[in-house]
Amino acid sequence: MQNLVSKLTEKNSSKIVLCVLDGLGGLPVDGKTELETAHTPNLDRLVSDASLGLHVPVRRGITPGSGAAHLALFGYDPVHNEIGRGVLEALGLGIELGPSDVAVRGNFATVRYEGDAPVVTDRRAGRLSTEENKRVISRISSAVGEISGVKVSFYPGLEHRFVVVLSFPEHLSEQQALVYDTDPQSEGAAPIIPRGENDGSIRTAEIAAELIDRACEAISDESVANYMLLRGFSVRPDLPTFDQAYRLRAGCVAAYPMYRGVSKLVGMDVLEVSGNSINDEIRTLSDNFREYDFFYLHVKKTDSYGEDGNFRAKVSVIEEFDSLLPEIIELGVDVLAVTGDHSTPAAMKSHSWHPVPLLISSAFCRGGVVEGFSESCCLCGDLGIIEATEIMPLLLAHAGRLRKFGA
């Protein structure tokens, strides 16, 4: 699909804004989802002149990670362009990765010990503050700087997240970075010992195992962040940029490193946001509106509260976005899309495979099919259920940026 779209794209002065409320989709609690519960008069008003539907991030029944889901939103097939979380998190923190580097996303966690065996009691160490993260990273960095000729570098992220970069003396292939995650994905379970997915990645797994042993020994006296879980072992891939694929100058407005990383990977300019709030992001969007053709604006807390099982807080973030939506519309957006990268129902406390609500507003929408923006309304919308990779072609078409195909 992307190759076809690339051949048809052309430039004009239209402005496209893609708003991604991370983990937007939900499941009913007391009869309604988070989106159905939220008071969203501005989104509901848009519906009268918008197209609605649902999108499937990867394939039906497949629960996506955020990186894969975002690649799909940006029009890159996530199955054929599988990218590890480590690379995305590293790029989002502004870390330059070379061909000899393996990037790994880390979570600080809390464990208790049964004998010598750790058991995870909190996978996110109480969502450790960013300042505490920096302090603990400093302790680890002093304890682990090199393992068997491989340089080890630690970088603090936001809250409980961090990045480890393993710099090998030789260039690495993608296969050599394929190490299974150590996060058991649930409390009450033991961390998983690093294990290579193939013969070529055994060495990387062995280094990761020693890294964990040495680093966790150094922080074993911490009351909260006394362990680390690693995931997304990966090397940087080579993808066509947004300019190459769509002839768009694209800007990313996101506070969290992973989302800044996936944007940087596809050639977006990552714009500086003064804070972490939706209002801060909209201010950045406004300040840069004249300079770009396409904007990706990311809202994180819908996903965070979904994972925490906090239904009411997720509703409040949706309502906050809705209250600020007029500020985006007033900028003079030609094509506005509101969706999520995946569903994160508070009822499940995790990402899920459920199709994601999608709204596209432009001067060329049919509109008038449904009365509000929710999972149920989107199911009845004129877009139907589509693959996420079809969203970018739709946005380009609504913006008048795709030529006719064929004679």
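Residues numbered from 1 in each chain as written. Predicted model: local features only at pLDDT ≥ 70, side-chain atom pairs only at ≥ 80, totals over all residues. Heavy atoms only, no water.

## As for the overall build of the protein chain
The number of helices and strands found in the protein chain is 14 helices and 14 strands. A compact globule built from 407 residues should have a C-alpha radius of gyration of about 22 Å, and the protein chain, at 21 Å, falls within 12% of that. Across its three principal axes, the protein chain shows a C-alpha extent of roughly 65 × 50 × 40 Å. In the protein chain, which comprises 407 residues, the proportion classed as buried is 57%. Long-range pairs, those at least 24 residues apart, make up 74% of the contacts in the protein chain with a sequence separation of at least 6. Accessible area for the protein chain stands at about 16,400 Å²; split by element, carbon and sulfur atoms hold 48% of it. Side chains of the protein chain carry 38 positive and 56 negative charges; the gap between the two charge centres is 3 Å. (Helix = DSSP H or I, 4+ residues; strand = E, 2+ residues; numbered from the N terminus. Rg over C-alpha atoms; globule rule 2.2 N^0.38 Å. Buried < 20%, exposed > 50% of the residue type's maximum accessible area, 1.4 Å probe, protein only. Contact = heavy atoms within 4.5 Å. Areas by Shrake-Rupley, 256 points an atom, 1.4 Å probe, with all protein chains shown as cover. Lys, Arg positive; Asp, Glu negative; His and termini not counted. Charge placed at Lys NZ, Arg CZ, Asp CG, Glu CD.)

## Topic: unusual backbone geometry
Positive phi values are uncommon outside glycine, yet Asp-30 reaches one of about 55°. Relative to the elements of secondary structure, Asp-30 occurs in the loop between β1 (16–21) and α2 (34–37). Residue Asp-30 is classed as exposed on the basis of its relative accessible area, which comes to 83%. With a phi close to 45°, Arg-127 is a non-glycine residue in the positive phi region.

## Considerations on the nonpolar core
One finds Phe-74, Phe-242, Met-268, Phe-294 and Leu-395 to be the most contacted residues of the largest nonpolar core, which totals 49 residues. Once you skip the residues sitting within four places of it in the chain, Phe-242 turns out to touch Phe-74, Tyr-76, Arg-247, Leu-248, Ala-250, Val-266, Met-268, Phe-294 and Met-392. Core analysis: the second largest hydrophobic core is formed by 40 residues, Cys-19, Leu-43, Ile-282 and Val-370 among them. (Core = buried A, V, L, I, M, F, W, Y, C linked by side-chain atoms within 4.5 Å.)

## A word on the packing of helix α10 (residues 278–287) against helix α12 (residues 311–329)
With their axes 10 Å apart at the nearest point, α10 and α12 run at an angle of 20° to one another. For the element pair α10 / α12, the angle class is roughly parallel. Judged by the sense of rotation from one axis to the other, the crossing of α10 with α12 is right-handed. Contacts from Ile-278, Asn-279, Ile-282 and Leu-285 of α10 reach α12 at Val-317, Glu-320, Phe-321, Leu-324, Glu-327 and Ile-328. Looking at the contact of α10 with α12 residue by residue, the class counts come to seven nonpolar, one polar and two charged. (Axes fitted to C-alpha atoms, helices over the stretch in contact; angles between N-to-C directions. Parallel < 35°, antiparallel > 145°, perpendicular 65-115°, else oblique. Left-handed = near helix turned anticlockwise from the far one by under 90°. Nonpolar A, V, L, I, M, F, W, Y, C, P; charged D, E, K, R; others polar.)

## Details of the environment of Phe-74
Locating Phe-74 in the fold gives a position in the loop between α4 (66–73) and α5 (85–92). Judged by its relative accessible area of 0%, Phe-74 falls in the buried class. For Phe-74 and Leu-128, which are 54 residues apart along the polypeptide, the C-alpha to C-alpha distance reads 31 Å.

## Topic: the sheet that holds strand β14 (residues 384–387)
Two strands in a sheet stick together by hydrogen bonds in their backbones, pointing the same way (parallel) or opposite ways (antiparallel). Ordered in space as β10-β9-β11-β1-β12-β13-β2-β14, the eight strands form an open sheet in which the pairing is mixed. Edge positions in the sheet fall to β10 (269–270) and β14, since each of these pairs with one other strand and no more. In the sheet, β1 pairs with strand β11 (residues 294–299) via six bridges, with the strands oriented parallel. Each bridged residue has a counterpart across the sheet, and for Cys-19 the counterpart in β11 is Leu-297. The strands touched by α12 within the sheet are β1, β11 and β12 (335–339), with β1 carrying the most contacts at an inclination of about 170°. (Pairing = 2+ DSSP bridges.)

## Comments concerning the state of the cysteines
Scanning the entire structure with this criterion turns up zero disulfides. Here Cys-19 is not cross-linked by a disulfide; its sulfur's nearest cysteine counterpart is in Cys-252, at 12 Å. By relative accessible area, which is 0% here, Cys-252 ends up buried. (Disulfide = S-S within 2.5 Å.)

## Here we look at a negative patch on the surface
Taken together, Glu-82, Glu-174, Asp-181 and Glu-197 make up a surface patch of like negative charges. Within the fold, Glu-197 resides in the loop between β7 (161–167) and α7 (202–218). (Patch = residues over 30% accessible without salt bridge, like charges linked within 9 Å, V, L, I, M, F, W, Y side chains within 5 Å. Salt bridge = Lys/Arg side-chain N within 4 Å of Asp/Glu carboxyl O.)

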